[in-house]
Amino acid sequence: MDRKKLILEAATKSFSMFGYKATTMDQVSKLANVGKGTIYTFFKNKEELFNEIATTLIREMKEAAEDTINDKLSFYENLHRALYRILEFRKEHQLTIKMFQEEREMGTPAVHEAMEEIEKSIVNYIKVKVQEAIDRGEIRQCNPEMTAFIMLKLYISLIFDWEQYHQPLDKDEILELFQLYLFQGLSK
């Protein structure tokens, strides 16, 4: 097996179990069954190793979102499917769960930066979809980046924040609320 891949898998496991702050290059080398020097032939330091893992995570999230797109569905239905899948992905993967926890509890700068990069990537992904919908005349002209940001924050609120104090919403309820607040509006 490729040694770099082994190192990345071991580091992902360590970051997922112990968090960024508590992970050491010694732990990664033991989990990968390679010498610490071997790690440094591929990565300058722990931060560079972590950044590569975060970049891979972002790519996998985008791929998971793209897999949900169906050309026969409307913009908001596809956006709902893509956003729901991205947030499911974040909830399913132990590394993102640990990163959220560490950022919230410790405010580790490297984790904070990675989480910002993940959010920025998701917003950029949505921004492209919003611009495409504008270009097709499916939605009215708007600021695509701001709209993408609001869409993501609404989704996060409906999925994560709401569940802290209420019964979780199912996928159809989230779609209905998303459509109501963003596409229909509350006006009569």
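The structure under discussion appears in the preceding block.
All of these numbers come straight from a predicted model, not from anything done at the bench. (Residues numbered from 1 in each chain as written. Predicted model: local features only at pLDDT ≥ 70, side-chain atom pairs only at ≥ 80, totals over all residues. Heavy atoms only, no water.)

**Q** Kindly report on the overall build of the protein chain, identifying the contributing residues and their values.
**A** Scanning the protein chain from N- to C-terminus turns up 9 helices and 0 strands. Reading the secondary structure of the protein chain in the N-to-C direction produces α-α-α-α-α-α-α-α-α. Projecting the C-alpha coordinates of the protein chain onto the three principal axes gives extents of approximately 65 × 35 × 25 Å. Counting the 188 residues in the protein chain, one finds 40% classified as buried. Across the protein chain, contacts joining residues at least 24 apart in sequence account for 62% of those joining residues at least 6 apart. A total accessible area of about 11,000 Å² is found for the protein chain, and carbon and sulfur atoms account for 50% of it. Where the 26 positive side-chain charges of the protein chain centre and where its 31 negative ones centre are 4 Å apart. (Helix = DSSP H or I, 4+ residues; strand = E, 2+ residues; numbered from the N terminus. Buried < 20%, exposed > 50% of the residue type's maximum accessible area, 1.4 Å probe, protein only. Contact = heavy atoms within 4.5 Å. Areas by Shrake-Rupley, 256 points an atom, 1.4 Å probe, with all protein chains shown as cover. Lys, Arg positive; Asp, Glu negative; His and termini not counted. Charge placed at Lys NZ, Arg CZ, Asp CG, Glu CD.)

**Q** So what's going on with helix α2 (residues 25-32)? Residues and values would help.
**A** Think of an α-helix as turning once every 3.6 residues; residues three or four places apart then point the same way. Among all positions of α2, only M25, V28, S29 and A32 are buried. Down the axis of α2, the sector holding all buried residues measures 100°, keeping them to one side. Those residues of α2 that are buried are in contact with α1 (3-22), α3 (36-42) and α4 (46-66). Just beyond α2, the residue with positive phi is N33, at close to 60°. (Arc of directions from axis to C-beta.)

**Q** Before we move on, could you go through the packing of helix α5 (residues 75-92) against helix α8 (residues 144-165) and cite the residues and values that matter?
**A** The interhelical angle for the contact between α5 and α8, taken along N-to-C directions, is 50°, at an axis separation of 11 Å. In this view, α5 runs oblique relative to α8, as classed from their interaxial angle. In this structure, the crossing between α5 and α8 has a hand that is right-handed. The residues of α8 that touch α5, namely those facing F75, L79, H80, L83, Y84, L87, R90 and K91, are M151, L152, Y155, I156, I159, F160 and E163. Class assignment for the residues of the contact of α5 with α8 results in 11 nonpolar, 1 polar and 3 charged. (Axes fitted to C-alpha atoms, helices over the stretch in contact; angles between N-to-C directions. Parallel < 35°, antiparallel > 145°, perpendicular 65-115°, else oblique. Left-handed = near helix turned anticlockwise from the far one by under 90°. Nonpolar A, V, L, I, M, F, W, Y, C, P; charged D, E, K, R; others polar.)

**Q** Lay out the nonpolar core in plain terms, naming residues and giving numbers.
**A** Membership of the largest hydrophobic core comes to 55 residues, with the highest contact counts inside it found for L49, M99 and I126. Broken down by secondary-structure element, the contributors of at least two residues to this core are α1, α2, α4, α5, α6 (94-106), α7 (109-135), α8 and α9 (171-184). No other element matches α7, which puts 12 residues into this core. Contacts of I126, omitting those with residues within four sequence positions, involve L79, L83, A148, M151 and L152. (Core = buried A, V, L, I, M, F, W, Y, C linked by side-chain atoms within 4.5 Å.)

**Q** Can you lay out the pattern of salt bridges for me, pointing to particular residues and giving the numbers?
**A** Within the structure shown, the criterion is met by 10 salt bridges. The closest approach of N and O atoms between K36 and D26, which form a salt bridge, is 3.3 Å. One end of the pair, K36, is in helix α3; the other, D26, is in helix α2, and 10 residues separate them in sequence. On the basis of relative accessibility, which here comes to 37%, the residue K36 falls in the partly exposed class. For D26, a relative accessible area of 38% translates into the label partly exposed. Linking E88 and R85 is a salt bridge whose minimum nitrogen-to-oxygen distance equals 3.6 Å. Here the residue E88 and the residue R85 both occupy positions in helix α5, the gap between them amounting to 3 residues, near one helical turn. A relative accessible area of 28% places E88 in the partly exposed class. Several salt bridges share partner residues, and in doing so they unite E66, K129 and E132 into one network. (Salt bridge = Lys/Arg side-chain N within 4 Å of Asp/Glu carboxyl O.)

**Q** Can you tell me about α8, naming the residues and giving the values?
**A** Spanning 22 residues, α8 covers 31 Å between terminal C-alpha atoms, matching the ideal 32 Å at 1.5 Å per step. Taken together, the buried positions of α8 are occupied by P144, T147, A148, M151, L152, L154, Y155, I156, L158 and I159. (Expected span 1.5 Å × (residues − 1).)

**Q** Outline the layout of surface pockets, supporting the account with residue identities and numerical values.
**A** The volume enclosed by the largest pocket comes to roughly 460 Å³. Of the residues assigned to the lining of the largest pocket, the class counts are 6 nonpolar, 3 polar and 8 charged. When its volume is computed, the second largest pocket comes out at roughly 300 Å³. The wall of the second largest pocket is formed by I139, R140, C142, T147, I150, M151, L182, F183, Q184 and G185. Of all the secondary structure elements, the ones that give two or more residues to the lining of the second largest pocket are α8 and α9. A per-class count over the lining of the second largest pocket returns 6 nonpolar, 3 polar and 1 charged. (1 Å grid on protein atoms, 1.4 Å probe; cavity = no way out; pocket = protein on both sides within 12 Å on 5 of 7 lines; lining within 4 Å. Points joined across faces, edges and corners; volume = space filled by probe spheres on them.)

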